[in-house]
Amino acid sequence: MMKARQRYEAKTRVVTFRVHQEVYNELEKVKAGGQLSYSDLVKLGAGIAQEEIKAKLAEISGLKAEISGLEEELAQLRSSVKREQLRLSESLNEERNRRLKELATEMEAFKLFDRGWRVETISYKLGIPQTMAHHYFEEWAKERKDKEAVERDLLKRCLKKHIDRLVEERLWGGVFGRLSKEELEAAQKHIDECWRLLAAPEQMCQEDKEFLITKYSRILEPAPRRNRF
């Protein structure tokens, strides 16, 4: 250790000098700002090792530029995260409001079903599709454990499909002359009878009920499913 110290002292010299306080303060600012040593400042002032010191200053300047670029990217990233959080918050609020509106409509439909209103009337009253009104009716019946109400509603929907088919057949039969006058009158009486039974489906015989459900239940438009939280 002593020999290493001696070799170091033999190769180096100590330079000491005094300056005014103002000069010292300025040297400290330059030293701190450029990350230079007093030795670098002496060399720079004496014109010694200028290329080495300039390279060091250029490296420091490049690091500062790189840091500045990273800070700018960080600011952009923070801004992007803030915008995404705002968008997510707005989406959650929209979904919450939509869900609350849907629940309010469902509650109103339940109240009307309790009063004995029909599905078609509630659909018109609340301004919702009949498929949605039927879905609410099924949910209401489950809540009230009214299996007969669900079956009665299914039967009415099947009967309505049957009436639509009879009306279409009568229409085309009259247009193309496939049906005689007597056949058209009979078809209309059958349609009128079906409309009467639509208001009182319990008056249908069991055979007719089974026929309608078997023929039309599979082609009825299914009620939409709701997402539950």
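Relevant structure appears above.
In this report, we go over the structure that sits alongside the text.

**Points about the packing of helix α5 (residues 119-126) against helix α6 (residues 130-144)**
So, point 1. The contact between α5 and α6 brings their axes to 9 Å, and the two run at 120 degrees. Put simply, α5 runs oblique to α6. Of the two possible hands of crossing, α5 and α6 adopt the one that is right-handed. Here α5 contributes V119, E120 and S123 to the contact with α6, which in turn contributes Q130, A133, H134 and F137.

**A few points about the pattern of salt bridges**
So, point 1. Here the structure, examined in full by the defined rule, presents 9 salt bridges.
So, point 2. Residues R98 and E102 are paired through a salt bridge, measuring 2.9 Å at the closest nitrogen-oxygen approach. In this pair, R98 and E102 both sit in helix α4 (residues 50-114), 4 residues apart, roughly one turn of the helix.
So, point 3. The buried category is assigned to E102, whose relative accessible area is 15%.
So, point 4. Because the salt bridges share partners, they merge into one network encompassing E95, R98, R99 and E102.

Definitions and limits used
Residues numbered from 1 in each chain as written. Predicted model: local features only at pLDDT ≥ 70, side-chain atom pairs only at ≥ 80, totals over all residues. Heavy atoms only, no water. Axes fitted to C-alpha atoms, helices over the stretch in contact; angles between N-to-C directions. Helix = DSSP H or I, 4+ residues; strand = E, 2+ residues; numbered from the N terminus. Parallel < 35°, antiparallel > 145°, perpendicular 65-115°, else oblique. Left-handed = near helix turned anticlockwise from the far one by under 90°. Contact = heavy atoms within 4.5 Å. Salt bridge = Lys/Arg side-chain N within 4 Å of Asp/Glu carboxyl O. Buried < 20%, exposed > 50% of the residue type's maximum accessible area, 1.4 Å probe, protein only.

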